[in-house]
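A look at the structure
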Amino acid sequence: MGRVAVAIAVGLAGALLLVAAATAGVVSSVIGGGGAGSCVGAVHPDAYATHETRATTAGATSPVCAGVSVGGWTRPVVGEAGSGFRTGDRPGHDGVDIMAARGTVVRAAAGGVVVRLRCNVGGDSWEPTGGPMPCDSDGYPGLGGCGWYAEIRHPGDVVTRYCHLIRQPTVTVGEPVTAGQPIGHVGSSGNSSGPHLHYEAH
């Protein structure tokens, strides 16, 4: 197999790994690995404290690089995996939590079209109004809901969801996005005990 073919195979495998990671909870190799692009450090705040180890050192960094793979996928945010997909003590947790500092840019994991923006708390859900909304402040464990979130539909009918954003996403429904394009910022809205991105792939 030639070098180009190997590179394409590795890139496609990486893209499949990203989707599989989101749906199977195997995120450490995706979130913490290398790649092209600039390296940054991620702060690891405490989120879902009752379900995972507390981050005891504020400002602790974990240099990782986030580039777009040959298959067209990238990390939605640079950080380490926190709470996993449907773990024994959280069988209803349909995504993975990626620990990152409040305000960290959240990026589209792949190219697609924005299909949903919502403020979702306490069993209720609203479309953005442009005015103040219940998701504009930090949530807490037990409140319920994804807080501010966005969904993107990708080729092959794959849909990714990005929850607990700090404010209304920076994209609009119907807007095409590219892999790595900023779509919002890490926050703690909805059912959350600290800043992180809850990421799902369906």
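What you are looking at is a predicted structure, and each value in this text was computed from that prediction instead of being measured.

Now for the overall build of the protein chain. If you tally the helices and strands in the protein chain, you get two helices and twelve strands. Overall, the protein chain shows an N-to-C arrangement of helices and strands of α-α-β-β-β-β-β-β-β-β-β-β-β-β. Residues counted as buried form 43% of the 202 residues belonging to the protein chain. When the accessible surface of the protein chain is summed, it comes to about 9200 Å², and 58% of that surface belongs to carbon and sulfur atoms.

The next subject is the side chain of Asp-97. Here Asp-97 lies in strand E4 (residues 96–99). A distance of 3.1 Å separates polar atoms of two side chains, one belonging to Asp-97 and the other to His-198.

It is worth spelling out the packing of aromatic side chains at this point. Evaluated as defined, the whole model comprises one aromatic pair. Note on Tyr-162 and Tyr-199: the rings are 5.6 Å apart at their centroids and 50 degrees apart in plane angle, and the pair reads as tilted. Of this pair, Tyr-162 sits in strand E9 (residues 158–165) while Tyr-199 is found in strand E12 (residues 196–201), placing the two residues 37 residues apart along the sequence. Its relative accessible area of 2% is what places Tyr-199 among the buried residues.

Bringing the environment of Tyr-162 into the picture now. Here Tyr-162 falls in the buried class, since its relative accessible area comes to 0%. The spacing of Tyr-162 and Gly-147 is 15 residues in sequence and 9.8 Å in space, taken between C-alpha atoms. Within the structure, Tyr-162 has its side chain in polar contact with the side chain of Thr-160 (distance 2.7 Å).

With that out of the way, let us pick up the confidence of the model for the protein chain. Scored by pLDDT, the protein chain has a mean of 72; 60% of the residues are at 70 or more. Within the protein chain, the element-level pLDDT minimum falls on strand E1 (residues 39–40), averaging 33, and the maximum on strand E11 (residues 182–185), averaging 97. Scored below 50 in pLDDT, residues 1–65 shows 118 contacts in the model against residues more than four places distant or in partner chains.

With that settled, consider the state of the cysteines. Under the counting rule described, the total for this entry stands at two disulfides. Across a sulfur-sulfur distance of 2.1 Å, Cys-119 and Cys-135 are joined as a disulfide pair. Its S-S torsion of about 95 degrees marks the bond between Cys-119 and Cys-135 as right-handed, since a negative value means left-handed. Separated by 16 residues along the polypeptide, Cys-119 in strand E6 (residues 112–121) and Cys-135 in the loop between strand E7 (124–126) and strand E8 (147–154) bring together distant segments of the chain. Judged by relative accessible area, Cys-119 falls into the buried class, the value being 0%. For Cys-135, a relative accessible area of 1% translates into the label buried.

Core analysis: the biggest nonpolar cluster contains 27 residues, and Val-106, Ile-152, Tyr-162, Ile-183, Leu-197 and Tyr-199 have the highest contact counts within it. At the level of elements, E4, E6, E8, E9 and E12 are the ones that each hand at least two residues to this core. Contact partners of Val-106, with chain neighbours within four places excluded, come to Pro-76, Tyr-162, Leu-165, Gln-181, Pro-182, Ile-183, Gly-184, His-185, Val-186 and Leu-197.

In this section: unusual backbone geometry. The residue Asp-157 is not glycine, and still its phi comes out positive at about 65 degrees. As for its position among the elements, Asp-157 is in the loop between E8 and E9. One non-glycine residue with positive phi stands out, namely His-164, at about 70 degrees. Positionally, His-164 belongs in strand E9.

What follows covers the pairing of E12. Buried residues dominate E12, accounting for six of its six residues. Residues of E12 alternate between two faces, with His-196, His-198 and Glu-200 on one and Leu-197, Tyr-199 and Ala-201 on the opposite face, all of them buried.

This next bit is on the side chain of His-196. For His-196, the position within the fold is in strand E12. We classify His-196 as buried; its relative accessible area is 0%. In this structure the side chain of His-196 is engaged in a polar contact, spanning 2.8 Å, whose partner is the backbone oxygen of Gly-194.

Cut-off values and rules
Residues numbered from 1 in each chain as written. Predicted model: local features only at pLDDT ≥ 70, side-chain atom pairs only at ≥ 80, totals over all residues. Heavy atoms only, no water. Helix = DSSP H or I, 4+ residues; strand = E, 2+ residues; numbered from the N terminus. Buried < 20%, exposed > 50% of the residue type's maximum accessible area, 1.4 Å probe, protein only. Areas by Shrake-Rupley, 256 points an atom, 1.4 Å probe, with all protein chains shown as cover. Polar contact = N/O pair within 3.5 Å; in protein donor to acceptor, adjacent residues only side chain to side chain. Phe/Tyr/Trp six-rings, centres within 6.5 Å; stacked < 30°, edge-to-face > 60°. pLDDT = per-residue confidence, 0-100. Contact = heavy atoms within 4.5 Å. Disulfide = S-S within 2.5 Å. Core = buried A, V, L, I, M, F, W, Y, C linked by side-chain atoms within 4.5 Å.

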